[in-house]
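# Secondary and tertiary structure notes
Take a look at the letters that make up each chain.
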Amino acid sequence: MTDWTDNTARAREWFESLRDRICASFEEIEREAGSDAAFEYTPWQREEEGNADPGGGTRGLIKGKVFEKAGVNVSTVHGRFAPEFAKTMNGVDPDDPTFTATGISLVAHMANPHVPAVHMNTRFLVTGKAWFGGGADLNPPIPYEEDTADFHARMRAACAAHNPTYYDRYKKWADEYFYIPHREVHRGVGGIFYDHLECSDEAEFERHFAFTRDVGEAFLDIYPQLVRRRMDADFTPEDETAQLEYRGRYAEFNLVYDRGTLFGLKTGGNIDAILMSLPPRAEWS
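What this report covers is the structure whose coordinates are included nearby. (Residues numbered from 1 in each chain as written. Predicted model: local features only at pLDDT ≥ 70, side-chain atom pairs only at ≥ 80, totals over all residues. Heavy atoms only, no water.)

### Focus on the layout of surface pockets
So the rule is basically this: Cavity: a set of points on a 1 Å grid over the protein atoms alone where a 1.4 Å probe fits but cannot get out. Pocket: an open set with protein on both sides within 12 Å along at least five of seven lines, its lining residues, like those of a cavity, having an atom within 4 Å of a point. Grid points are joined across faces, edges and corners, and a volume is the space filled by probe spheres set on the points. By definition, any uninterrupted DSSP run of H or I lasting at least four residues is a helix, any uninterrupted run of E lasting at least two residues is a strand, and each is numbered from the N terminus. Gly is put with the polar residues, along with every residue not named as nonpolar or charged; the nonpolar set is Ala, Val, Leu, Ile, Met, Phe, Trp, Tyr, Cys and Pro, and the charged set is Asp, Glu, Lys and Arg.
Its boundaries defined by the atoms lining it, the largest pocket holds a volume of some 910 Å³. Looking at the lining of the largest pocket, the elements with two or more residues in it are strand S3 (67-80), strand S4 (98-110), strand S5 (117-126), strand S9 (190-198), helix H7 (259-266) and helix H8 (271-274). Considering only residue class, the lining of the largest pocket consists of 16 nonpolar, 20 polar and five charged.

### What to know about empty space enclosed by the protein
Scanning all chains against the criterion turns up one cavity of 30 Å³ or more. There is about 40 Å³ of room inside the largest cavity. The greatest single-element share of the lining of the largest cavity, amounting to three residues, is contributed by helix H6 (residues 237-256).

### Some points on the packing of aromatic side chains
Heads up, the rule is: Only rings of Phe, Tyr and Trp enter the pairing, Trp through its six-membered ring, and a pair is recorded when the two centres are within 6.5 Å. The plane angle decides the type: under 30 degrees is stacked, over 60 is edge-to-face, the rest tilted. Two conditions define a charge located above a ring, namely a distance within 6 Å from the ring centre to NZ of Lys or CZ of Arg, and an angle within 35 degrees of the ring normal.
On inspection of all chains with the given rule, the structure shows 28 aromatic pairs. Their ring planes at 45° and their centres at 5.7 Å tell us that phenylalanine 178 and phenylalanine 253 sit as a pair that is tilted. Taken as a pair, phenylalanine 178 in the loop between helix H4 (166-177) and strand S7 (179-180) and phenylalanine 253 in helix H6 lie far apart in primary sequence, 75 residues in all. Pairwise contacts between aromatic rings join Tyr166, Tyr170, Trp173, Tyr177, Phe178, Phe193, Tyr194, Phe211, Phe253 and Tyr257 into one cluster. Seen from the ring of tyrosine 167, arginine 156 lies directly overhead, with NZ or CZ sitting 4.5 Å from the centre. If you follow arginine 230 out to its NZ or CZ, it ends over the ring of tyrosine 144, 3.8 Å from the centre.

### So, the side chain of threonine 267
What counts, and what does not: Partly exposed residues are those whose accessible area sits between 20% and 50% of the maximum for their type, while under 20% is buried and over 50% is exposed, using a 1.4 Å probe and protein chains only.
Position of threonine 267 relative to the elements: it lies in the loop between H7 and H8. Given a relative accessible area of 6%, threonine 267 falls into the buried group.

### Topic: the sheet that holds strand S1 (residues 40-45)
Counted only if it meets this: Pairing between strands is defined by DSSP: at least two bridges between them are needed. A fitted line through C-alpha atoms represents every axis, and for helices the fit uses only the stretch in contact; the resulting angles, taken between N-to-C directions, go from 0 to 180 degrees. The contact definition used throughout considers only heavy atoms, calling two residues in contact when any of these lie within 4.5 Å.
Read from one edge to the other, the open sheet built from seven strands follows the order S1-S2-S3-S4-S5-S6-S9, with strand pairing classed as antiparallel. Here the strands that pair on one side only, and so sit at the sheet edges, are S1 and S9. On average, each strand axis in the sheet is inclined to that of its neighbour by 5°, with strand direction left out of account. Strand direction decides the pairing type here: S3 and S4, joined by 13 bridges, are antiparallel. Each bridged residue has a counterpart across the sheet, and for valine 74 the counterpart in S4 is isoleucine 104. Against the sheet, H6 contacts S3, S4, S5 and strand S6 (130-139), and its axis sits at roughly 170° relative to S4.

What follows is the structure, given as structure tokens:
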């Protein structure tokens, strides 16, 4: 089996650097709004019996004037999957259910209902196989066609730089994944979602790592633009009600269907970091 230790370290370094730049960008927006809100960082360590190096991560959280609640997590964990969960994971050898995972995960819930909420994550996993996955999707309580078009155009450009088929494939995957069957609605207005970009050698690692970096750069480029576009808009009590009801749908998806939530819970992750994706306030009618 290929030793992916150095590649995992490179991916982790990138995810941490992206985290730092995203957090700085969000804090800059808060300054523009006259707020001194800043990210608070909470490190955590994973525990696993018999594992001397289970890894851990850092949860970054900001609660401000523009970002009512935004979390940016980076984690790098090592261990063994539980037997039943191992059957659901790509490339796991039943006789050797070990894994390493490193990634960044971000969710932002906004104070102004006209500003879209957003989710983004990218990750690198190693089992019996090694692969990248991730994506970004826009979640506006009050959708604007202009915002949706600009977000998708930026994701399309990131995809087109690497493979002309990526955008259509990964947009479709996002549409199918971010769907709430019991409500028969999509969680938001979509984006891209990809997984199992497998790395059989160094050349494939470099290619898929480059694409994953570009997805992160695309997010950092477009999302702050959308925030600034809407953050000073006036809103009504009816707008806020629509936002809180939408957040209820968001919470339902994350608690019932989201694979990232399940992965974190099944691998002994930090509960607060895993559930930072939940909105600070929500309503069910």
